[in-house]
Amino acid sequence: MRLSLLLAGAINLVATQTIATSRCTPETFTPHLSSNASLVYAVPYGPNDTFVGPLGNYSGLPEYCAVYVNVSSSATSSYEFGLWLPINTWNKRYMAYGNGGFTGMVAFADMAPGLFYGFATVSTNTGHNSSVTEAGDAGWALNNPETRTDWGWRALHGSVALGKELTEAFYSEDISYSYYAGCSTGGRQGLKSVQMFPDDFDGVLAGACAWWTTHQQNWDLKLATYNLPNNASHHITETQVDALAAEVLRQCDEVDGVKDNIIMNGYACDFRPETLLCDGPSANKSTCFTADQLDTVYKIYSPWVETNDSFVFPSFAYGSETQFAQMIMTDDDEQDSPSGIAYPRDFVYNDADWPWQNLDFSTIQLSDRLDPGNATAGDFDLRPFKNKGGKLIHYHGFADGEIPTGSSIYYYKQVQKMLTPLGIELDEFYRFFLIPGMEHCLDSVHDAPWYIASANQPGGLTGTNVWGVPGYRDRKHDAILALMAWVENGIAPDELIATKFVDDTPLEGVQAQRRLCVYPKEVKYVGGNWNETSAFECQ
């Protein structure tokens, strides 16, 4: 009897798989497309098949149906999205992944790990096609207001909405829960969705959010101008930035009570750059600083404040030097187009010949008035998302040298100032984590634990088909599982644990792990081996 039941179950499973595979055809999806959408392909993939993507090839994945759709968003614009549907491992959940910079590319690198969880995964190209090497290039936005809107919010929302319909049509079942994960521009997209479309997702995981588009994108250029022109007396070199980083670590490492090469709070250090002053004509000018060069250092670490004490944007935290060097260095032949020029040139002024020297406070004021593409996620009233039961996990690395950690702290405090007077406790639906030593979205300085299995992160590890946190697939170590536990079981994340694998290779084992605390609590050293979580507490 038992054998017959097992055989019957096996036959039913094969029948279900066959039916699901046979449904991966254009005929399944086309009837459910909106009038402005067209199906590019619907193709089944097995574990032995290889999906050829723009940044790499993907094989050895759970069997899935790969769908690609083009949507006309206006008379002059369109966006695309990819949708991967597990054939026989669907967990009845839907996961959307965000993008980065100005890049126009479906995030297949995140969708692939998502299949191992069992998610139906979706991602958009944001309305244009460009590679990650062009993340700082926004030439596509010039004279293209509709495509700016696609990038700002429309492509993600439209892809998510239509993708849900196609998912439910494929499985002939309703989606139980809908989630989102993204970092940088992807973080901004997540916050924008929470604000504009609170019903899109039950849970959002948003990292290093580029949320203040009208200010941050102009600040990118402002930062570069501090170090221009290259032949000026105030210009600092990459070698000097290395020396600066070493001195920051020397002065700031032990502020948190333990000398472990990790600066736990990059804003807590009273750093004195004067220790780097050249002490005479014979000093090594490649590693010491003149008075004029120290002025540049002070500008880099200071908030951008303009007329009448108008706060424009926060500064980098101490410890972010490794990454910010790339933002302030400009080749001699590129000084007419320094880092960060794309947004004011192509979005705000819509002028391919706009000179960077014209950047001033009026650029910020114009940006705020226009908010091209309605991209800024600056609505701090998150009550609609909270009231529908949504949960938000927000995180940022303290060594981020692309988007200052302070921008996320500022955002959290603005939400707090909006909702606390209304009697709303943020911890009920919104929890914010700072990750000491983590750079922009992934990786870290001085081997600090950084991996929480969020968007972009599996691609930062060495190995085939890395997903979740190998060896620690639980809600403490995996931020996606933490979000799911909060949404579905009401288990709020009181802490997360970041992991650092040896050489960022899971097969080599864990090098260190460290607790992450719900802001405003900070992780404090309480004694013992600092590579172990027991050495720290949230206080």
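Residues numbered from 1 in each chain as written. Predicted model: local features only at pLDDT ≥ 70, side-chain atom pairs only at ≥ 80, totals over all residues. Heavy atoms only, no water.

## Digging into the domain arrangement of the protein chain
Taken as a whole, the protein chain is organised into domain 1 (16–175), domain 2 (184–203 + 380–538) and domain 3 (216–370). Each of domain 1 and domain 3 has a C-alpha centre, and these two points are 38 Å apart. The junction of domain 1 with domain 3 conceals about 740 Å² of combined surface from both sides, 64% of it contributed by carbon and sulfur atoms. There are zero salt bridges connecting domain 1 and domain 3. Here domain 1 is connected to domain 3 by three residue pairs in polar contact (both at pLDDT 80 or more). (Domains from an automatic or database assignment. Buried area = accessible area lost by both parts, 1.4 Å probe. Salt bridge = Lys/Arg side-chain N within 4 Å of Asp/Glu carboxyl O. Polar contact = N/O pair within 3.5 Å; in protein donor to acceptor, adjacent residues only side chain to side chain.)

## Examining unusual backbone geometry
The omega angle of the peptide bond from Leu228 to Pro229 is -5 degrees, so this bond is cis rather than trans. With an omega of 15 degrees, the peptide bond running from Tyr519 to Pro520 counts as cis. Counting through the fold element by element, Pro520 comes out in the loop between strand 15 (510–517) and strand 16 (523–525). Within the chain, Ser172 stands out as a residue other than glycine whose phi angle is a positive 55 degrees. Along the chain, the position of Ser172 falls in the loop between helix 4 (145–171) and strand 8 (177–183). (Helix = DSSP H or I, 4+ residues; strand = E, 2+ residues; numbered from the N terminus.)

## Overview of the state of the cysteines
When the sulfur atoms of two cysteines share a covalent bond, that bond is a disulfide. This structure, assessed with the given rule, holds five disulfides. Residue pairing for Cys252: its cysteine sulfur links by disulfide to Cys269, the two sulfurs lying 2.1 Å apart. Residues Cys252 and Cys269 share a disulfide whose torsion about the S-S bond is about -75 degrees; that sign makes it left-handed. On the criterion of sequence distance, the pair formed by Cys252 in helix 7 (residues 238–252) and Cys269 in the loop between helix 7 and helix 8 (291–300) is long-range, its members being 17 residues apart. For the pair shown, Cys252 and Cys269 are each scored as buried. (Disulfide = S-S within 2.5 Å. Buried < 20%, exposed > 50% of the residue type's maximum accessible area, 1.4 Å probe, protein only.)

## Overview of the packing of aromatic side chains
Following the criterion strictly, the structure yields 51 aromatic pairs and no others. Ring plane angle 25 degrees and centroid distance 5.4 Å describe the contact between Trp84 and Phe108, whose orientation is recorded as stacked. Within this pair, whereas Trp84 is found in strand 5 (residues 77–86), its partner Phe108 is found in helix 3 (residues 108–117), the two being separated by 24 residues in sequence. Each member of the pair, Trp84 as well as Phe108, carries the same accessibility label: buried. For the ring pair Phe116 and Trp467, a centre distance of 5.9 Å and an interplane angle of 10 degrees mean the geometry is stacked. Here Phe116, found in helix 3, pairs with Trp467, found in the loop between strand 13 (430–435) and helix 14 (479–489); they are 351 residues apart in sequence, far enough to count as distant. The exposure class assigned to Trp467 is buried, which follows from its relative accessible area of 19%. Here Arg188 stacks its cationic end above the ring of Trp151, 4.4 Å away from the centre of that ring. Sitting above the plane of the Trp486 ring, Arg431 keeps its charged end 5.6 Å from the centroid. (Phe/Tyr/Trp six-rings, centres within 6.5 Å; stacked < 30°, edge-to-face > 60°. Lys NZ or Arg CZ within 6 Å of the ring centre and 35° of its normal.)

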